[in-house]
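Listed here are the chains, written in short residue letters.
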Amino acid sequence: MLHHVELWVPDLRRAVTSWGWLLEGLGYEPYQNWEAGRSWRMGETYVVLEQSPALTADRHDRTRPGLNHLAFHVRSRGELDALLTKAPDHGWTLLFPDRHPYAGGAEHYAAYLEDGDGFEVELVAGAR
């Protein structure tokens, strides 16, 4: 089981607006809070956002070596669609809109979103 994921973000306030809303919408609960970071937890796994002074860039580039995206389960298509409707209000943009909701294939109901800092998430509807 995954222990945690830590994302270094260029603007903590902006990241908390987008990621906090999304993670809480997926069932994660606020976990830790400190000057340079926040985290949300579900079960044993948590996601950390940190604005580190050691950053070497001001935007994530998912096409470079490293993390491309994080994928999350969503209970149902209806829940995914509801999240997608509110996503733009929280800094998320739908990727591949011409192929949505089957950008991942005909049997894969999902939404691919990108935040203002270039991080991508995949929300996958259906049974775990």
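Residues numbered from 1 in each chain as written. Predicted model: local features only at pLDDT ≥ 70, side-chain atom pairs only at ≥ 80, totals over all residues. Heavy atoms only, no water.

J.: Explain helix H1 (residues 12-25) to me, using residue names and the numbers behind them.
T.: Because each turn of an α-helix spans 3.6 residues, side chains separated by three or four positions end up pointing in the same direction. Relative to the 20 Å expected for 14 residues at 1.5 Å per residue, H1 spans 19 Å between its end C-alpha atoms, a close match to the ideal helical length. Of all the bends in H1, the greatest measures close to 25° and is centred on Trp19. Among the residues of H1, Leu12, Ala15, Ser18, Trp19, Gly20, Trp21, Leu22 and Leu23 are the ones counted as buried. Along its buried surface, H1 packs onto strand S1 (4-8), strand S3 (37-42), strand S4 (45-50), strand S5 (70-74), helix H2 (77-86) and strand S8 (120-125). Gly27 lies just past H1 and shows a positive phi near 105°. (Helix = DSSP H or I, 4+ residues; strand = E, 2+ residues; numbered from the N terminus. Expected span 1.5 Å × (residues − 1). Bend = angle between axes of the 7 residues up to and from the residue. Buried < 20%, exposed > 50% of the residue type's maximum accessible area, 1.4 Å probe, protein only. Contact = heavy atoms within 4.5 Å.)

J.: An account of the pairing of S5 is needed here, citing residue identities and associated values.
T.: Here S5 shows a buried face lined by Leu70, Phe72 and Val74 and an unburied face lined by Ala71 and His73. Where S5 lies against S8, five bridges are found, and the strand directions are parallel. Paired with Ala71 across the strands is Glu122, a residue of S8. (Pairing = 2+ DSSP bridges.)

J.: Go over the sheet that holds strand S6 (residues 93-94) with me, naming the residues and quoting the values.
T.: Taken in spatial order, the four strands make up an open sheet running S5-S8-S7-S6, and their pairing is mixed. Two strands lie at the open edges of the sheet, namely S5 and S6, each paired on one side alone. Seen against the sheet, H2 touches S5, S6, strand S7 (110-114) and S8 and runs at an angle of roughly 150° to S8. (Axes fitted to C-alpha atoms, helices over the stretch in contact; angles between N-to-C directions.)

J.: Give a description of the pairing of S8 that names residues and reports values.
T.: By the criterion of burial, S8 is predominantly enclosed, with six of the six residues buried. Pairing geometry for S7 and S8, over five bridges, is antiparallel. From the neighbouring strand, Glu114 faces S8, where its bridge partner is Glu120. Counting the residues that bridge the hairpin from S7 to S8 gives five residues, and of these Gly118 lies at a positive phi of roughly 90°.

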